[in-house]
Amino acid sequence: MYLFRRKQPTPAIQMHRNDGTSTPMSITFKNGEMHINPDRMDKGTYELTISHGIKVEKRCITIA
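Below or above, wherever it landed, is the structure these notes cover. The numbering scheme is per chain: residues are counted from 1 as the chain's sequence reads. Residues qualify for local features only when their pLDDT is at least 70, as the model is predicted, and side-chain atom pairs are given and counted only at 80 or more; totals for whole chains, interfaces and linings, by contrast, use all residues. In computing side-chain values, all of the structure's heavy atoms are included and hydrogens and water are not.

Points about unusual backbone geometry
In step 1: In the Ramachandran plot, Asn-31 falls in the positive-phi region, its phi being about 55° despite a non-glycine side chain.
In step 2: Helical segments are the DSSP runs of H or I of at least four residues, strand segments are the runs of E of at least two, and each set is numbered from the N terminus. Mapped onto the elements of the fold, Asn-31 is located in the loop between strand S2 (27-30) and strand S3 (33-36).

Below, the structure is given as structure tokens:
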């Protein structure tokens, strides 16, 4: 039994524009994969940030 058990961080998915402002995402999950719907988003470059607690992944996405 652990009396001082730390709460596990929840995974987070965020999308930002080039200027750093947060933007709403239009994504669909199919068969365990995340699909971005470019038809519902403005054209431009975005940065997708996926946080798994300590590990953080960042990807650049361009919608033309």
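Points about the side chain of Thr-23
In step 1: Looking at where Thr-23 falls in the secondary structure, it is placed in the loop between strand S1 (12-17) and S2.
In step 2: Here, residues are in contact when the closest pair of their heavy atoms is within 4.5 Å. Once residues within four sequence positions are removed from consideration, Thr-23 is found in contact with Met-15, His-16, Arg-17 and Tyr-46.

With respect to the pairing of S3
In step 1: Where S2 and S3 come together, 4 bridges link them in antiparallel fashion. Within S3, the position partnered with Phe-29 by the bridge is Met-34.
In step 2: The pairing criterion is simple: DSSP has to find at least two bridges between the two strands. Between the end of S2 and the start of S3, which pair antiparallel, lie 2 residues, with Asn-31 showing a positive phi angle near 55°.

Comments concerning the pattern of salt bridges
In step 1: Any Lys or Arg side-chain nitrogen found within 4 Å of a carboxyl oxygen on Asp or Glu counts as a salt bridge. Summed over the entire model, instances satisfying the criterion amount to 3 salt bridges.
In step 2: Ionic pairing is found between Glu-57 and Lys-55, a salt bridge with its closest N-O pair at 3.8 Å.
In step 3: What you see here is one network of salt bridges that share partners, running through Lys-55, Glu-57 and Arg-59.

Structural notes on the pairing of strand S5 (residues 55-63)
In step 1: Bridge count for strand S4 (residues 44-52) against S5 is 9 bridges, and the pairing is antiparallel. From the neighbouring strand, Thr-45 faces S5, where its bridge partner is Thr-62.
In step 2: Counted between consecutive antiparallel strands, the loop separating S4 from S5 contains 2 residues, among which Gly-53 sits at a positive phi close to 90°.

Focus: the nonpolar core
In step 1: Buried Ala, Val, Leu, Ile, Met, Phe, Trp, Tyr and Cys residues form a nonpolar core when they are joined through side-chain atoms within 4.5 Å. Accessible area is worked out with a 1.4 Å probe on protein chains only. A residue is then buried under 20% of its type maximum, exposed over 50%, and partly exposed in between. By size, the foremost hydrophobic cluster in this structure holds 7 residues: Met-15, Met-41, Tyr-46, Leu-48, Ile-50, Ile-61 and Ile-63.
In step 2: Counting only elements with at least two residues in this core, the list comes to S4 and S5.
In step 3: With 3 residues, S4 is the largest single contributor of residues to this core.
In step 4: The contacts of Met-41, once residues within four sequence positions are left out, are Met-15, Pro-24, Ser-26, Ile-36, Tyr-46 and Ile-63.

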